[in-house]
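The primary structure of each chain is shown beneath.
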Amino acid sequence: MGRAEIRRFQRAAEEVAAFLKPKLDGNTRIKIISHMDADGMAAAAILARCFYSYNVPFVVRFTPPVGPDEVAELSKEDYDMFVFIDQGSGQMDVIHKFILAKHADVVLIDHHPGSFLEHPNLAYLNPHTCGLNGGRDVSASGAVYSVIEQIDLRFRSLAGLAVVGAIGDRQEFSSGFTGVNESLVKRAVELGLLYQGEGLRLIGRTLNPVVECLRLSTRPYIVGLSGNLGACRSLIDTLGISHSSVLCDLGLEVERRLADAIFARVGPLATNEEFCHTLWGRIYTATTDDLVGPRDLREYATMLDACGNLGRPEMGFAVAVGDGTTQADALALMSSYHEQMLKVLDWLVKNLTSFRLEPNFRYIYCGDAVAPRMMGEALSLGIESGLIPTDRPVFGMVDEGNGIIKISARGTLGLATQGIDVGRALSKAAAKVGGRGSGHDVAAAARIPQERMNELIDKLLQAFSETGGNPDTPEEHS
Ligand SMILES: [Mn+2]
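Residues numbered from 1 in each chain as written. Predicted model: local features only at pLDDT ≥ 70, side-chain atom pairs only at ≥ 80, totals over all residues. Heavy atoms only, no water.

> Please clarify how the sheet that holds strand E3 (residues 81–85) should be interpreted in this entry.
Strand pairing in a sheet is mediated by backbone hydrogen bonds. Such pairs are either parallel or antiparallel. The 5 strands are arranged E2-E1-E3-E4-E5 in an open sheet whose pairing can be described as parallel. Where the open sheet ends on each side, the last strands, each with one partner, are strand E2 (58–62) and strand E5 (122–125). Neighbour to neighbour, the strand axes of the sheet diverge by 15° on average, direction disregarded. The pairing of strand E1 (residues 30–34) with E2 spans 5 bridges and is parallel. Counterpart to Ile-33 in the pairing with E2 is Arg-61. (Pairing = 2+ DSSP bridges. Helix = DSSP H or I, 4+ residues; strand = E, 2+ residues; numbered from the N terminus. Axes fitted to C-alpha atoms, helices over the stretch in contact; angles between N-to-C directions.)

As structure tokens, then:
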């Protein structure tokens with residue numbers, strides 16, 4: 001991924017900014033449709049901060065990716081412009097058919113794969129059309145930020161939110177960021193908007209007393225400590241750390257001692273690459289007062305995700321646009337989300353032997369033991385905690401009710417570079433059993449009729465043996 005692709009992306013962002021800027025006249029009524037996750041909320045907040053400053057009348061709707069019927073419904077709403085964020089690339093044809101045909105303008109800023117059509121009333125930005133990988137090189141937040149900073153440089157202070165979205169979409173790797181994310185972070189550090197440090201990457205490091213921070217830890221889930229208050233207390237006692245101190249105030253030396261004590265405690269996991277990177281590494285901190293919310297950007301992403309997962313995206317959005325009065329409620333949601341996720345991971349740890357091993361993937365059927373909205377994140381956390389091996393992709397199936405099974409899939413960057421694309425495999429397999437799926441090479445989800453789960457396993461086997469492991473296999477057109 002070279003400089004040329006990033007430059008191409010910047011030029012595409014300039015074009016979208018040129019399309020958007022004349023519409024910020026206060027008369028153009030805009031509807032924003034964004035995704036209900038951290039990236040979608042951060043992206044919508046960046047755009048909203050821009051719109052507020054131009055007095056643009058706008059409405060935001062957070063939703064899982066819209067389907068054709070919902071696009072048709074949207075087109076009946078009376079707006080001059082629709083902005084699709086973190087979704088829409090897969091619905092270009094219906095957006096043309098229903099919205100552009102009615103002479104409303106459309107801006108589409110997304111990082112999911114799709115098929116792209118041109119129209120004079122349409123401007124879009126997508127890394128996939130610039131030779132970049134939407135799964136890792138930039139998220140919707142980074143894409144929106146790239147547009148907005150072209151409109152006015154003062155919006156650069158929102159760079160932290162762009163990074164929050166990328167972290168939320170797990171575009172930060174042990175090697176750091178890539179593509180647009182990498183250059184964006186570098187610039188934000190140079191501009192003094194971000195501080196990049198090192199330390200224990202536990203969520204809550206700037207918010208909670210250290211004992212609580214350990215007890216609630218799901219990223220990583222620390223076997224023997226997570227969920228176990230007594231064990232956390234005695235570990236902290238042996239190190240002579242006060243129970244009430246906050247992790248980020250301990251200083252690097254004490255943080256290192258605590259990390260060593262955790263490594264000593266987890267046995268063989270101490271050499272697990274995923275676990276190590278999740279526990280210790282780079283820390284990103286916002287240094288600008290323009291952002292309300294946690295200073296630590298990984299905490300920020302977790303807070304937004306908690307709001308989305310618990311069905312309160314407007315709360316995360318409110319914090320991200322700068323409403324300080326909502327912060328306490330959003331943080332309370334994050335705590336309750338952590339407690340729920342702790343239970344899910346506890347279940348997963350007790351059921352690790354229930355994973356079935358297939359030649360090119362592993363999967364677990366959880367019935368109704370795991371809430372559908374928590375399955376994908378639980379898999380990610382299982383991988384990051386060293387509990388689920390990364391030698392092949394992993395799928396988690398849960399009963400969603402109404403005869404539907406939801407499948408969440410996770411790959412890794414390493415698998416993706418070998419050409420293993422869980423998004424392509426899952427959407428292909430789901431379509432063959434009367435379902436629908438979408439996603440990236442490293443993360444995807446699908447829904448299928450309950451009675452066809454065994455068939456789906458067969459179709460996945462087929463899909464992976466057709467494409468898996470061979471990056472040179474040309475894409476099939478079906
Ligand atoms: Mn996204």
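> Help me out: how do you make sense of helix H6 (residues 159–168) in this one?
Working note: α-helix, 3.6 residues per turn, so residues spaced by three or four point in the same direction. Counting buried positions over the 10 residues of H6 gives 10, a clear majority of the element. Among the residues of H6, those classed as buried are Ala-159, Gly-160, Leu-161, Ala-162, Val-163, Val-164, Gly-165, Ala-166, Ile-167 and Gly-168. Arg-170 sits one or two residues past H6 and shows a positive phi near 55°. (Buried < 20%, exposed > 50% of the residue type's maximum accessible area, 1.4 Å probe, protein only.)

> Teacher, can you tell me more about the pattern of salt bridges here?
Should their charged atoms come close, side chains of opposite charge can pair. The full count for this structure, using the stated rule, is 26 salt bridges. Here Glu-77 and Lys-31 are joined by a salt bridge, their closest N and O atoms 2.7 Å apart. Here Lys-31 lies in strand E1 and Glu-77 lies in the loop between helix H3 (68–74) and E3, a separation of 46 residues in the sequence. Owing to a relative accessible area of 29%, Glu-77 belongs among the partly exposed residues under this scheme. On the basis of relative accessible area, Lys-31 is assigned to the buried category, the value being 7%. Taken together, the shared-partner salt bridges connect Arg-170, Arg-219, Glu-377 and Glu-384 into one network. (Salt bridge = Lys/Arg side-chain N within 4 Å of Asp/Glu carboxyl O.)

> Can you help me understand the sheet that holds strand E9 (residues 361–365) in this one?
On the basis of which strands lie adjacent, the open sheet formed by 6 strands has the order E8-E9-E10-E11-E13-E12 and mixed pairing. In this open sheet, the two strands that pair with only one neighbour each are strand E8 (356–358) and strand E12 (436–439). If you compare each strand with its neighbour and ignore which way they point, the axes differ by 20° on average.

> Sorry if this is basic, but what is going on with the layout of surface pockets here?
Over the atoms a probe the size of a water molecule is rolled, and this reveals where empty space is left. By volume, the second largest pocket amounts to about 210 Å³. Looking at the second largest pocket, the residues that line it are Arg-8, Arg-11, Ala-12, Glu-15, Val-16, Glu-118, Leu-122, Ala-123, Tyr-124, Thr-129 and Cys-130. Ranked by residue count, the leading element in the lining of the second largest pocket is helix H1 (residues 3–20), at 5 residues. Its residues placed into classes, the lining of the second largest pocket shows 6 nonpolar, 1 polar and 4 charged. (1 Å grid on protein atoms, 1.4 Å probe; cavity = no way out; pocket = protein on both sides within 12 Å on 5 of 7 lines; lining within 4 Å. Points joined across faces, edges and corners; volume = space filled by probe spheres on them. Nonpolar A, V, L, I, M, F, W, Y, C, P; charged D, E, K, R; others polar.)

> It is not clear to me how a positive patch on the surface should be interpreted in this structure. Could you clarify?
There is a patch of like positive charges on the surface, built from Arg-3, Arg-7, Arg-8, Arg-11 and Lys-186. It is H1 that provides the largest number of residues to the positive patch, a total of 4 residues. Its location among the elements puts Arg-7 in helix H1. The partly exposed category is assigned to Arg-7, whose relative accessible area is 49%. (Patch = residues over 30% accessible without salt bridge, like charges linked within 9 Å, V, L, I, M, F, W, Y side chains within 5 Å. Areas by Shrake-Rupley, 256 points an atom, 1.4 Å probe, with all protein chains shown as cover. Lys, Arg positive; Asp, Glu negative; His and termini not counted. Charge placed at Lys NZ, Arg CZ, Asp CG, Glu CD.)

> Would you take a moment to explain empty space enclosed by the protein for this structure?
Under the counting rule described, the total for this entry stands at 2 cavities of 30 Å³ or more. The volume enclosed by the largest cavity comes to roughly 100 Å³. Looking at the largest cavity, it is lined by 14 residues, and the ones nearest its centre are Arg-170, Arg-219, Thr-302, Glu-377 and Leu-381. Secondary structure elements with two or more residues in the lining of the largest cavity: H6, helix H12 (297–309), helix H14 (327–350) and helix H15 (372–384).

> Would you take a moment to explain the domain arrangement of the protein chain for this structure?
Interface extent is often summarised as the accessible area lost during association of the parts. Structurally, the protein chain comprises domain 1 (3–164 + 174–185), domain 2 (198–286 + 292–342) and domain 3 (351–467). A C-alpha centroid distance of 27 Å is found between domain 2 and domain 3. Each partner contributes to the interface: domain 2 provides 15 residues, whereas domain 3 provides 11 residues. Both faces combined, the contact of domain 2 with domain 3 buries some 1,200 Å², and carbon together with sulfur accounts for 56% of it. Together, Glu-274, Asn-309 and Met-341 form the three largest contributors to the area buried by domain 2 at its contact with domain 3, with a combined 39%. Where domain 2 touches domain 3, the interface holds 1 salt bridge. Taking the shortest distance from any N to any O, the salt bridge between Arg-219 and Glu-384 comes out at 3.2 Å. Sorting the residues of the side of domain 2 that touches domain 3 by element identifies helix H11 (273–279) and H14 as the ones contributing at least two each. (Domains from an automatic or database assignment. Contact = heavy atoms within 4.5 Å. Buried area = accessible area lost by both parts, 1.4 Å probe.)

> For this particular structure, what's the right way to read H14?
The end-to-end C-alpha separation of H14 is 35 Å, in line with the 34 Å expected for 24 residues at 1.5 Å each. Those residues of H14 that sit buried are Ala-330, Leu-333, Met-334, Tyr-337, His-338, Met-341, Leu-342, Val-344, Leu-345 and Leu-348. Looking at the buried positions of H14, the neighbouring elements they touch are helix H8 (210–215), H12, helix H13 (313–320), E9 and H15. (Expected span 1.5 Å × (residues − 1).)

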